[in-house]
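A look at the structure
Here's the letter readout for the chains.
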Amino acid sequence: MSLGFNSQGKYKPHRRRKSAGAEVVNGISSAKHDDQNLGEGGKFSPVRDAAKVTLRLGPPRNESEDPLWLQGSLDRGIIRVYEVDSDLSVAVRCTLQTSAAEICHKLGLDAEVPLPALDVPPRLPTDPEEKGADNGEHGGTARTHRLCDLHVQFNGGCVRRLRPGELPLVLQQEYLSRLGLTEPRRLQQEGRAHDLGSLITFYAGRPRVEDGLERVVLSGVYNVKSGRKLASHKWTQRLVVLCGTRLLVYPSTDCGDKPHVFQLTNGKVEEHKSKKHDHSLAFSCGGQTYYVQFESWLESMKWLRLASKVASQQPCTLDLSSCSLEQVPDCLFSHTDLTCLNLRHNYLRERPHHVPSEHLGYLDDLSRFQQLRSLNVADNALGQFPPCLCDISTLTELNVASNRIQELPASIASLESLQVLHVECNHLTTLPAELQQLQHLTLLGIAFNRFTEVPEVLAEMKGIENVVLTGNRLQKLPVDLMSGMTHIRRLELRLNRLELTSVENVTFLCLDRLTHLDMSYNSVAELDVRVLKHLTHLCCHGNGLSSLQVSGEKLEVLNASHNKLSTIEITPPPHNLVTIDVSCNAFEKLPESLCDLKGLKLIDASRNKLNCLPPRIFWHVPKLTRLRVGHNRLSALPDRVDNCLLKELDLQHNRLTHLPAALLMRAHRLRVLNLSCNRLVTLPQLGPSEKLKNVEELYLSSNYLVEQSLLVIAGYPRLKVLHMAYNLIKTIPARFFVRLEQLEDINLSGNHLTQLPATVTQLPKLQVLRAHSNHLTSLPDFSQAKLLKVLDVGCNELREGSLSADLLSQLRELDLGETQQCSKAETLVNGSAGLALLGAGPDGQDSTLWRFGCAQTYGQRNNLCVRQVLKPTYGADKHEALFAVFDGGRNADVPQQLQTSAAEIVQEEVRKHQEGDKDNSHMKYSVLTAHKRLGSVGQKLGSSGVFCHLQRFGEDSYTLHVANVGTCQAVLCREGVAVCLSRCHTLVGAPEEGSRVVEVDGMFTEDNKVSGVTEATRQLGRNYLHPTIIPDPYVHSVNLSPRDEFVILACRGLWDYVAPMEAVDAVRSKNNPLKAAKLLRDIAQGCGSQDNISVVVVRLQECDEPEDNCAVIQPEDLPPSMENIAMSDSGESDAKTDGSEGRTNGNGVTVNEGNGVEGSVSTILDDRSSVSSLQSTSNSAGSQVDEQESKAALADVTAGLDKHAIHEAVHRDRHKKAYQSKSASLTYGAERPLKNGWKADRGGWVSDNAVDDSDEEGLENTATEVQVEVEVYTPSHTPSHKSNVVTIVNAVVATQPVENGLHEEKDKPASEQNGAINGHADVEKTPLKSSKRANGSVVPDSDVICKIEIAPPKPPPRSYSSPPTLAVDSSTDGSTSPVRKRAVENGHATNGHEMQGVEEEKEEYDTAL
């Protein structure tokens, strides 16, 4: 394309005008390249004049016959040759043996050209016919040369000319093979595709590249007059461009004409005063002057300032990187004072033997720069070290990295002034001994080469202080060689293959001056560097270390994360230590000696097994500012807090039930406090001074906090981020937000809020508000919240009219979930530009086979760079599904395009493969096709992605296909166990990826990023980093079975903070996938994730109980004040969800408010709550029992459900099918009087002897029935290593007089006298103290008798492989399920051995299945 200008004076591309003599044959026209023409982007294109070529193709042929021709042989193929700067192309048939010269001859692209105009192609030693290339290339006469004008461009980058001996089809197929295309037939047909041009393009002639020699600074069309004293030169409209150090004056307004070029570095710029032409400047150079009139004085001053700056300064630095240079431009040699020259990523080479020396432009000519100090010729495909570079004796820095150099010449010793030498990313195996003659060399970069041993010359190079051997193939460190390297101060051995034993650690004895040692990502099991007395920095993470011994004399930084360490021996104590990172290890406690380190500022011990912290950690480490101990087993913190200077305290994912009383009062410099996923009930009090309350970010999600905690939180006036989702908060006082004027981000989701206070809308800086999964019925007026951008109120009970058009006009993200407002909001959103309606509405979400829910958030980013594909009804018969998640990092263009095209691409690939074939190759080629169709967008940008295709085979058989690249991953929950279906393509997540990147001459920076760009080694897009980053996906297929429960798709914003098993445990029992997705998002944010987060949860089958009626309480998950209501015996329980009346915290603890559990918890935690919700009411036949006795009785009831009774009940039911996880409810029913004649009624034991209030005998044998339904876990030996579950639906508390320590059982059935009833656990007896009745009589000593009924197993839920089934869900009001109700109506009791009716109905149900 040629270039035009817009109104702002900037370039805009448009179609090139064809010259009158240009001949067009079969869509390819001849092209003329001018030396001074501008390329795209406003830069000079250093293209020399080439002979005009005429295409000599025959008459156009029919390309539809190409597939039939390709089937003849696998050696056949097609390349598509494009016209220069045009979309027109022609498909050329060729074979693997067809050379570029033959194709040029066929297309008429070869011509006799004089040698001065010759553009010499680069030397590519790795190409197939390197040795014989010169014979065909230089076969012309002494003054002419037959030129091949076929060019190739990879990934939209630099363009190079093909040598006559190169094989274009081989180049194309090798490139596609590196992308991941392996099928021969697919390789053949890809050449015909038009969309392949963004990856590999063949041009008939040299195209104008986007990156040229110099960039445009200013441009525009102005009145211009030449300074010559001729009458013909008048003021005319011309195009004027200030480009780098040049002024271009065109003959007209068309940039297609050849301009006159001024070298401003040798000229001058001054104002020109004229009566008729104001605002004029005079540009003078070499006796030539041009006068330019501008439209305004400001514009003329802008030109004068910039042009004068160029004219007054002689440039000494020039950057010509990525310009597709085959020769150095002639104009460059006029800059004799050049000191720094960057020629990286071009195709330069030495002068061929047949080219006269007077023709400049080769590497040999760089010696003309007498003051050149720094030269960069990296990534020029040189193949060997150019000896001519050794003639530039003034060089102090030389970079020849990424050139596939196999050895350095001995003549490099002539560079006597050289101080820095970079030869990274080459193929070096040895170093010449002559390097020791470079006395001034202080930095030698030989990283990412092919060294298997440490080069011997390093021992002789006494001036070398820094040796970088990263990314080589070293396996050992020879003692004899290392003994001569006593001068080394910094040694980097990262990413090698070292396996040092305890004996080989003596190697470090010789390196007594070493201060920096990096041995990360090797295979070292034991490391002993105690002999390094001067060591200040040690990095040994990612080794799998089990033993580490370090000298602490001068140690300042220690990074030993991602190992297997339980202890570290540091002698003597490291009093200079500033940072220690031991995260992701096996520490059970931190050494007490850490508290004696006065200079320690950072301790990172997250993801270990810590049970406690050193007692002096909060008062004896004066400079400690950051403490990270999340994901451990801490149950308490040290009590003493004094002079604590902590600014960041991370305690998430522990077992804390309380905080030290003085922590918040004396840690007055805290800025970030993360207490998410603990067991906190309250927070300690704050101090009286306002100046000491500096917390800005407070994370309290997934705890047991109640309203009292709000008083503490309200005391932080500088608070900006407040996350307290999934707690036990019912109401928020209006005054709570009055002092929190700095709040920007609030998350109140998963509580029991019925309304939001109006004061929240008055927060002047509020930007994000999340309050989903509550019981909100209305929203306050947000008209005053002018900065509010994100509002998430999904999964509530909002009424019509809660949303206003004014609110929608200012929002950027609105998430309504399943509220009734969703349909209305969609109508309003259509008229609100820039508003994204997230979440999923009730319509269109449910499938007959599966359900899904999604959640995403901006995080701390200003742009949402994640996208989702949600197709629950997909495929030809609409019985399949497609889901996908894409994460673009910091760009949204690639994810947006992938979201648009993914569904169509997968469907096309399925059609290309045979119907009914279970091969998952269609997923692989779907990813590769999506990568290809990104076009120019994917050349510089990239995205991670995960595809999930639920494919149907037969009537009831489904296969789950997953393909992923990058950091987006998929996890399947199978019987409660997380099954990873994807692979994290990073250096840490997949170490084999590191080896692959190094093998293709790639590199990793110290932050584990490929070429310093991204941590992902595989992505969609990012073509310019090929082949280090490729789109070849990891593909995995699973045949679904009833054991598979749900799938989680998410980006790194979740997986970097939440482990797969943690995610599965958190949402396993959430029947609502939308709430599950929101919960995972909130957990990630509560753990500190500030990135974009995107989560999709696909529920393959329903939970066994409706989440509206579930309450799972784990005793070890509850604080001590709540243990009296614990009903579970499990160590770890799956999270159960609620519907409109329950809530689930992030620890997997679910409390049902509607059935009384929330009331129970609140009674213990808050005296203001109603006590009657926990107390059993008096029966109508007996006297009123006082309040304290009733409360104590209930406490003993719950305590009576111990492990022994439950295990006995489970043992008797082992003949039944294995129990699966069931939802449960905890319900306290009313008391009913029980007499000696007991009978079963609705699963409870009631009396048939009704007595009145005055009957004292009737009170002697009374019983209280407490209906309890609770989930209990017992050990299981299933392959999934999960626990079996028994659901207890009824328990009876009978208070009877004690006679000689024994109960009267004369009226009981014989089966009950033995202490066990079929289907029930053993009777537990707990004595109660005597108390007075309301009428003054005394209640005799009695026992608490706990009768436990084991719930029958319920039919399996509806799933992807089941037809619609009868309902088995329990209602929210405590009524029995339809199965139980029908059993009672048919005369079958619901307890003991009388459950036969229910069992028969279950067998009929199984038969129907």
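What counts as what
Residues numbered from 1 in each chain as written. Predicted model: local features only at pLDDT ≥ 70, side-chain atom pairs only at ≥ 80, totals over all residues. Heavy atoms only, no water. Pairing = 2+ DSSP bridges. Helix = DSSP H or I, 4+ residues; strand = E, 2+ residues; numbered from the N terminus. Axes fitted to C-alpha atoms, helices over the stretch in contact; angles between N-to-C directions. Contact = heavy atoms within 4.5 Å. Expected span 1.5 Å × (residues − 1). Buried < 20%, exposed > 50% of the residue type's maximum accessible area, 1.4 Å probe, protein only. Polar contact = N/O pair within 3.5 Å; in protein donor to acceptor, adjacent residues only side chain to side chain. Phe/Tyr/Trp six-rings, centres within 6.5 Å; stacked < 30°, edge-to-face > 60°. Lys NZ or Arg CZ within 6 Å of the ring centre and 35° of its normal. Parallel < 35°, antiparallel > 145°, perpendicular 65-115°, else oblique. Left-handed = near helix turned anticlockwise from the far one by under 90°. Nonpolar A, V, L, I, M, F, W, Y, C, P; charged D, E, K, R; others polar. pLDDT = per-residue confidence, 0-100. Patch = residues over 30% accessible without salt bridge, like charges linked within 9 Å, V, L, I, M, F, W, Y side chains within 5 Å. Areas by Shrake-Rupley, 256 points an atom, 1.4 Å probe, with all protein chains shown as cover. Salt bridge = Lys/Arg side-chain N within 4 Å of Asp/Glu carboxyl O.

Pairing in this open sheet of five strands is antiparallel, and the strands run β47-β57-β56-β52-β53 from one edge to the other. Single-partner strands in this sheet number two, and they are β47 (851-857) and β53 (977-980). Across this sheet, the average inter-strand angle for adjacent strands is 20 degrees, counted without regard to direction. Direction of pairing for strand β52 (residues 969-974) relative to strand β56 (residues 1044-1050): antiparallel, over a ladder of six bridges. Residue Arg974 lies in a different strand from β56, and its bridge partner there is Asp1044. Along the sheet face, helix α18 (residues 1073-1086) touches β47, β56 and β57 (1093-1099) and points at about 30 degrees away from the line of β47.

Moving on to α18. Taking 1.5 Å per residue as the helical rise, α18 with its 14 residues ought to reach 20 Å, and the 20 Å between its terminal C-alpha atoms agrees with that figure. Extensive coverage of α18 is indicated by the burial of 14 of its 14 residues. Where α18 starts, the residue carrying a side-chain oxygen 2.9 Å from the main-chain nitrogen of Leu1074 turns out to be Asn1072. Directly beyond the C-terminal end of α18, a positive phi value near 110 degrees is found at Gly1088.

This paragraph deals with the packing of aromatic side chains. Following the criterion strictly, the structure yields nine aromatic pairs and no others. Look at Phe294 and Trp303: their rings are 5.3 Å apart centre to centre, the planes differ by 40 degrees, and that puts the pair in the tilted class. In this structure an aromatic cluster arises from ring pairing among Tyr222, Phe294 and Trp303. Lying across the ring of Trp619, Arg640 places its NZ or CZ 3.5 Å from the centre. Here Arg812 stacks its cationic end above the ring of Tyr858, 4.0 Å away from the centre of that ring.

Our focus in this paragraph is unusual backbone geometry. Among all residues save glycine, negative phi is the norm, and among peptide bonds the norm is trans. At the junction of Thr571 and Pro572, the peptide bond is cis and its omega measures out at -10 degrees in the coordinates. Cis rather than trans, the peptide bond between His1026 and Pro1027 has omega equal to 5 degrees. Of note, Pro1027 is situated in the loop between β54 (1020-1021) and β55 (1034-1039). Even without a glycine there, the phi angle at His631 is positive, about 60 degrees. Tracing the backbone through its elements, the reader meets His631 in the loop between β37 (626-628) and β38 (648-650). The phi dihedral of Cys795 is positive, around 55 degrees, even though this residue is not glycine. Residue placement: Cys795 occurs in the loop between β44 (790-792) and α10 (805-810).

Quick look at the pairing of strand β8 (residues 89-95) now. Among the seven residues in β8, five count as buried, and that is most of the element. Hairpin connection between strand β7 (residues 76-83) and β8: a loop of five residues separates the two successive antiparallel strands, and Asp85 in this loop has a positive phi of roughly 55 degrees.

Mapped onto the elements of the fold, Asn964 is located in strand β51 (residues 957-965). The class for Asn964 is buried, based on a relative accessible area of 1%. Here Cys968 takes part through its backbone oxygen, which lies 3.0 Å from a polar atom of the side chain of Asn964. A polar side-chain atom of Asn964 sits 2.7 Å from the main-chain carbonyl oxygen of Arg983. Among residues more than four places away in sequence, those in contact with Asn964 are Gly945, Val946, Ser982, Arg983, His985, Pro1033 and Tyr1034.

Another point: the packing of helix α17 (residues 1060-1067) against α18. At a minimum axis distance of 10 Å, the contact between α17 and α18 shows a crossing angle of 135 degrees. Considered as vectors, α17 and α18 are oriented oblique to each other. Between α17 and α18 lies a crossing of right-handed hand. Packed against α17, whose contacting residues are Ala1063, Ala1066 and Val1067, the element α18 presents Ala1076, Leu1079, Leu1080 and Ile1083 at the interface. Of the residues contributing to the contact of α17 with α18, the split by class is seven nonpolar, no polar and no charged.

Per-chain confidence: the protein averages 74 in pLDDT, with 67% of residues scoring 70 or above. Contacts of residues 113-145 to residues separated by more than four positions or lying in other chains number 80 contacts, the stretch itself having pLDDT below 50.

On to the sheet that holds strand β30 (residues 526-529), then. On the basis of which strands lie adjacent, the open sheet formed by three strands has the order β30-β32-β34 and parallel pairing. Both outer strands of the open sheet, β30 and β34 (569-571), are each paired with one neighbouring strand and no more. Taking each pair of neighbouring strands and ignoring which way they run, the sheet shows an average axis angle of 10 degrees. With four bridges joining them, β30 and strand β32 (residues 547-551) adopt parallel strand pairing.

On the surface, Val479, Val506 and Leu509 cluster together into a nonpolar patch covering about 240 Å² of accessible area. Topologically, Val506 is positioned in the loop between β28 (490-492) and β29 (516-518).

A separate point is the environment of Pro164. One can find Pro164 in the loop between β12 (159-161) and α4 (168-179). Pro164 sits in the buried class, given a relative accessible area of 13%. As a C-alpha pair, Pro164 and Ala100 span 64 residues in sequence and 5.0 Å in three-dimensional space.

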